[in-house]
Amino acid sequence: MTLLTPEWLILLAVLALAAWYWRYLSLVTPTRIVLAGLLVLILCQPRLSLTSSGLDLWVLMDQSLSVSDTVATQEKEWLNLLKQKQSADDRLHIVDYASSIKRRANINERFDGQRDETRTDFAIRYALSQMDPGRASRLLILSDGFHTEPLDRLAETLNQQSVAVDYRLVQPPSQIDYRFSELKMPTTVDPGQAFLIEATVLGNRDGSVALKVFRGQQLMLEGSVNIVQGKGKVKLTDRISAPGSQHYTLQISHPDDQQPKNDRIDHWLDVSGESSILLISGYQQDPMAQALATHGLPTRVVTEPEKLSPADLNRTRLVIINNVGANRLSSEFLEALPFYVTAQGGGLLMAGGKYSFGSGGYFESAIDPLLPVSMELRNEHKQLAVAMSIVMDRSGSMGFVVDEPTLVTKMDLANDGAARTIELLGDQDSISVIAVDSEPHVIVRQSAVGGDRASLVGAVRRINSAGGGIYVYTGMEAGWEELKRANQGQRHMILFADAADAEEPGSYKALIEEMREAKATVSVIALGTPADTDAELLRDIAERGNGRILFNQDPVQLPALFAQEAVSVARSAFIDKAVAWDSTSGWSQLASEALTWPEAVDGYNLSYLKPEATAAALSQDEYQAPLVAFWQRGQGRVAAVSFPLAGEYSDRVRSWNHYSDFVTTLSRWLQANSAPSGIALKTELQGNTLIIDLLHNDQWNQQVAEKPPVILTQYQNQENVEIVSWEQMKPQHFQARLPIQHGVPIRGAVQLGDEVIRFGPISNSVSNEWAQPSSRVNELKQLATISGGQERVDLTSIWESKNISKSKDVSNYLLMLVLILLILDALLTRVRRLT
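Residues numbered from 1 in each chain as written. Predicted model: local features only at pLDDT ≥ 70, side-chain atom pairs only at ≥ 80, totals over all residues. Heavy atoms only, no water.

**Overview of the overall build of the chain**
Within the chain one finds 19 helices and 47 strands. Dimensions of the chain, computed from the C-alpha atoms along their principal axes, are close to 110 × 65 × 60 Å. Here the chain holds 835 residues, and 53% of them are scored as buried. Charge separation in the chain, taken as the distance between the mean sites of 76 positive and 98 negative side-chain charges, equals 7 Å. (Helix = DSSP H or I, 4+ residues; strand = E, 2+ residues; numbered from the N terminus. Buried < 20%, exposed > 50% of the residue type's maximum accessible area, 1.4 Å probe, protein only. Lys, Arg positive; Asp, Glu negative; His and termini not counted. Charge placed at Lys NZ, Arg CZ, Asp CG, Glu CD.)

Shown next as structure tokens:
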């Protein structure tokens, strides 16, 4: 028997002294002596040693990318060696692991999971959970020793279960490889502060390696790194003046490098400073910026919204979108706004104009659910019927599967987009759909939508991918022939094409000129990026056709893009005439002082107030539409001003005496709160594990006790919001750990009641599977030593440990004995009193 806490034995001396000093307690009776001894023994946490007749050997086979090829060539030999020395009482269990885990049902089963991580910690914990507590067990790890999550919390668990970890290091075949091993630079700096960027490059052959350093999309440095005795250093300095987040990327390249996946390393830098308002404006001289500056509200004005990323939301208290179309904002930025508002407590304001709301393509965009007004207009409010023709790419590249489990293809998503367009059109509108590869295929002749909407949708959803590239001119010509047959006053073509596979432009310029003379317009939805080979052709088609071009790399976004384009054309409702203004009591919820409102606005975007939202002003026309509306969304606030605050149709508003007061009052109400005092948040990456530490002072004790803090996280380009659990390390110190995906930035928020602390974006600085620092191998070796294991060069020697002792906690049995003795002592005491 062993005692985990033998220091409690000192109590025996204390009890002996008490028995001598307080004799009336009768502590020296046999029953009470045994009771006292048992209680002290329980405090010492006794464990009974047991001996197993056989050994359960759990072999953890590393199947990650960095070592799987080597494992595949040697595992048969390893397993044969182990089976040769295995006795009848021994059991062999094989677990394959990488990003996921799979226990083999038979020795010849193959691992088919993801291989881009080495989750050794996860694999060990899985094996521990599967072990038979009545038998001696041992772990054998066959790996290169590099893992992508820390092992620092395993030792105690292994010792509690009396399980030792043995290992054998697998050596991949020698190959020429240059890689980043580490990057040293601060995570936070002050504005204007110079800081050092220092990276280490390792190589197994000396020479010169090409180097590029980027800040965001800007190339900061292009040069080379000299590798001498297997190591090279990169050093440079930089300074940033504006608060916010900056993304740095370092890349190396060498023509003989056989493992390029470890040739890139990146880092997010937070430039501290005062949070500000981010004004995304369609105007070079925006009067909103002047109004905000006059009232002392720090504001960053962005007139090139294409360059915005989710990182720009860091140290931003309010985002204002002032008459900028959705097509000019990246999908990453738009999709980051819901989390920024609802979880991180940021504010959002959309101001009106011909490129805002439905007219700007925001219908069914990522921020549509955030806005307090509905942009889907009612048929009775449409002023002009629309004839639309959709020319769709159905070339071979559209058959590519984008979701393996469901086998959804690019074509399926494009079909969904075209079907959604038909669903959004009114009964009096008309539609035609032409699928194009090397020739046009008329799927739907130009016909009224109200005739049989369901059959039109069904026909579109059955379009299949076939043929080569899309012949642009051929498809547009067929679409224009259909539009010519329409009698609606507005005619519009949507061309959907792959930006890297749009062929045969033909006489497209003459064709578009003919369409323009007939008052028809053309927009383009381009699958790809502006840098693709055919992007310039598609951009020119949109410009000549007085339409928009929407680039997008993610096919999943296609249905939303089709919906946005359909609404911006067919259901757009910018009322371009003066409308009287009618204020409501809603303004009193935003400000303590009333405003003298203008008599009218020059125009506005027609929309409808959503349930639970509040209107501060309504139009005095037949629509009674909300001109100013607002509401709370999660931790943040959102407002919609449906009339222009700058540029065209804003003369009356800009000449309004209270224009500046209106803008700043609304902005102050929308702004996120500053970070609370008395609380600090620290984030740190260890491998692919993000460690979040929250520390607070005494003033937060009651708040934390009543409502513990909550962590919410979201990956870039993903809708799911994850709730992360805390572990209290000690009073006033919480910690959370979560594995993060490589190469995908993650943002988060810690919520304490009404207070919010934001963090991120954070991403792995280098692919953890290929980083391979020596510290990770040392961590595995240390874990083996602590648990009683060793390196096994001779695998068969591991069976010699089959008689290893297992210990069992007997405290519960001793407690039962204590209860029995207590009852016996009480009976004996009662009998003595009766006699």
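**Comments concerning the packing of helix 6 (residues 287–294) against helix 15 (residues 659–670)**
It is at 9 Å that the axes of helix 6 and helix 15 come closest, and there the two elements cross at 75 degrees. The angle between helix 6 and helix 15 falls in the class roughly perpendicular. Contacts between helix 6 and helix 15 involve P287, M288, A291 and L292 on the former and, on the latter, Y659, S660, V663, T664 and S667. Of the residues in the contact of helix 6 with helix 15, the class split is six nonpolar, three polar and no charged. (Axes fitted to C-alpha atoms, helices over the stretch in contact; angles between N-to-C directions. Parallel < 35°, antiparallel > 145°, perpendicular 65-115°, else oblique. Contact = heavy atoms within 4.5 Å. Nonpolar A, V, L, I, M, F, W, Y, C, P; charged D, E, K, R; others polar.)

**Description of the pairing of strand 37 (residues 626–633)**
Counting buried positions along strand 37 yields six of eight residues, so the element is predominantly enclosed. Here four bridges tie strand 36 (residues 614–619) to strand 37, and the two strands are oriented antiparallel to one another. Across the sheet, residue T614 finds its bridge partner in strand 37, namely F630. Here strand 37 folds back onto strand 38 (residues 636–644), and the loop between the two strands holds two residues, one of which, G634, carries a positive phi near 65 degrees. (Pairing = 2+ DSSP bridges.)

**Quick notes on the pattern of salt bridges**
Counting across every chain of the model gives 38 salt bridges. A salt bridge links R104 to E75; the shortest N-O distance between them is 3.0 Å. Pair noted here: R104 is in the loop between strand 5 (101–103) and helix 4 (120–130) and E75 is in helix 3 (residues 68–84), with a separation of 29 residues, a long-range link. Relative accessible area serves as the criterion here: at 10%, R104 is assigned to the buried category. For E75, a relative accessible area of 6% translates into the label buried. With its nearest N and O atoms 3.4 Å apart, the salt bridge here joins R119 to E149. With R119 in the loop between strand 5 and helix 4 and E149 in the loop between strand 6 (136–143) and helix 5 (155–160), the pair connects residues that are 30 residues apart, well separated along the chain. Residue class for R119 comes out buried when judged on its relative accessible area of 18%. A relative accessible area of 7% places E149 in the buried class. Each of E364, D416, R420, E423 and R461 takes part in one network of salt bridges that share partners. (Salt bridge = Lys/Arg side-chain N within 4 Å of Asp/Glu carboxyl O.)

**Thoughts on the packing of aromatic side chains**
Taken as a whole and judged by the stated rule, the model has 14 aromatic pairs. Ring geometry for W581 against F643: centres 5.1 Å apart, planes inclined by 55 degrees, an arrangement best described as tilted. With a gap of 62 residues between them, W581 in strand 32 (residues 579–583) and F643 in strand 38 connect regions that are remote in the sequence. Here the two residues W581 and F643 agree in accessibility, since each one is buried. Aromatic ring contacts, followed pair by pair, group W581, W587, W597, F643, W656 and F662 into a single cluster. (Phe/Tyr/Trp six-rings, centres within 6.5 Å; stacked < 30°, edge-to-face > 60°.)

**With respect to the sheet that holds strand 42 (residues 722–724)**
One open sheet accounts for four strands, arranged 42-41-45-46; its pairing is antiparallel. Strand pairing shows two members of the sheet lacking a second neighbour, strand 42 and strand 46 (755–762), which therefore form its edges. If you compare each strand with its neighbour and ignore which way they point, the axes differ by 25 degrees on average. Running at roughly 15 degrees to strand 45 (residues 746–752), helix 7 (residues 331–342) makes contact with strand 41 (710–715), strand 45 and strand 46 of the sheet.

**What to know about the nonpolar core**
In summary, soluble globular proteins display a tendency toward joint burial of nonpolar side chains. Within the largest apolar cluster, 43 residues are counted, with the highest numbers of intra-cluster contacts made by L349, Y604, F643, L645 and F662. The element that contributes the greatest number of residues to this core is helix 15, accounting for six residues. Excluding residues within four positions of it along the chain, F662 makes contact with W587, L595, W597, V628, V641, F643, L645 and W656. The next biggest cluster of nonpolar side chains, apart from the first, holds 35 residues, and it includes I367, A563, V567 and W631. (Core = buried A, V, L, I, M, F, W, Y, C linked by side-chain atoms within 4.5 Å.)

**Comments concerning unusual backbone geometry**
Where the residue is not glycine, phi is negative for most of them; where a peptide bond is considered, it is trans in most cases. That bond from G760 to P761 is cis: its omega, 5 degrees, falls within 30 degrees of zero. Tracing the chain through its elements places P761 in strand 46. Phi is positive for Q229, close to 55 degrees, though the residue is something other than glycine.

**Notes on the pairing of strand 38**
With respect to burial, strand 38 is a largely interior element, eight of its nine residues being buried. Pairing geometry for strand 19 (residues 347–352) and strand 38, over six bridges, is parallel. Counterpart to A351 in the pairing with strand 38 is V641. Pairing geometry for strand 37 and strand 38, over six bridges, is antiparallel. In the strand pairing of strand 38, V628 is matched with V641.

**Quick notes on the packing of helix 8 (residues 410–424) against helix 13 (residues 558–570)**
As a packed pair, helix 8 and helix 13 sit with axes 7 Å apart at the nearest point and diverge in direction by 30 degrees. The angle between helix 8 and helix 13 places the two elements in the roughly parallel class. Note that helix 8 runs across helix 13; the crossing there is right-handed. In this structure, helix 8 contributes K410, L413, A414, D416, G417, A418, R420, T421 and L424 to the contact, and helix 13 contributes L558, P559, F562, A563, A566 and V567. Residue composition of the contact of helix 8 with helix 13, grouped by class: 10 nonpolar, two polar and three charged. (Left-handed = near helix turned anticlockwise from the far one by under 90°.)

**Concerning helix 12 (residues 535–544)**
Within the sequence span of helix 12, burial applies to A535, L537, L538, D540, I541 and A542. Of the surrounding elements, those touching the buried residues of helix 12 are helix 10 (472–484), strand 27 (490–498), strand 28 (502–503), helix 11 (508–517), strand 29 (520–527) and strand 30 (549–552). Where helix 12 terminates, the next one or two residues include N546, which has phi positive at roughly 55 degrees.

**Here's the deal with a nonpolar patch on the surface**
On the surface, a nonpolar cluster with roughly 690 Å² of combined accessible area is contributed by L17, W20, Y21, W22 and Y24. Within the element layout of this structure, L17 appears in helix 1 (residues 10–21). The exposure class of L17 is exposed, given its relative accessible area of 55%. (Patch = residues over 30% accessible without salt bridge, like charges linked within 9 Å, V, L, I, M, F, W, Y side chains within 5 Å. Areas by Shrake-Rupley, 256 points an atom, 1.4 Å probe, with all protein chains shown as cover.)

**Regarding the sheet that holds strand 10 (residues 195–203)**
With respect to topology, three strands assemble into an open sheet ordered 8-10-13, the strand pairing being antiparallel. Where the open sheet ends on each side, the last strands, each with one partner, are strand 8 (178–184) and strand 13 (231–238). Averaged over all pairs of adjacent strands, the angle between strand axes in this sheet comes to 20 degrees, irrespective of strand direction. Relative to strand 13, strand 10 runs antiparallel, the two being bridged by eight bridges. The residue bridging L196 from the neighbouring strand is T237, located in strand 13.

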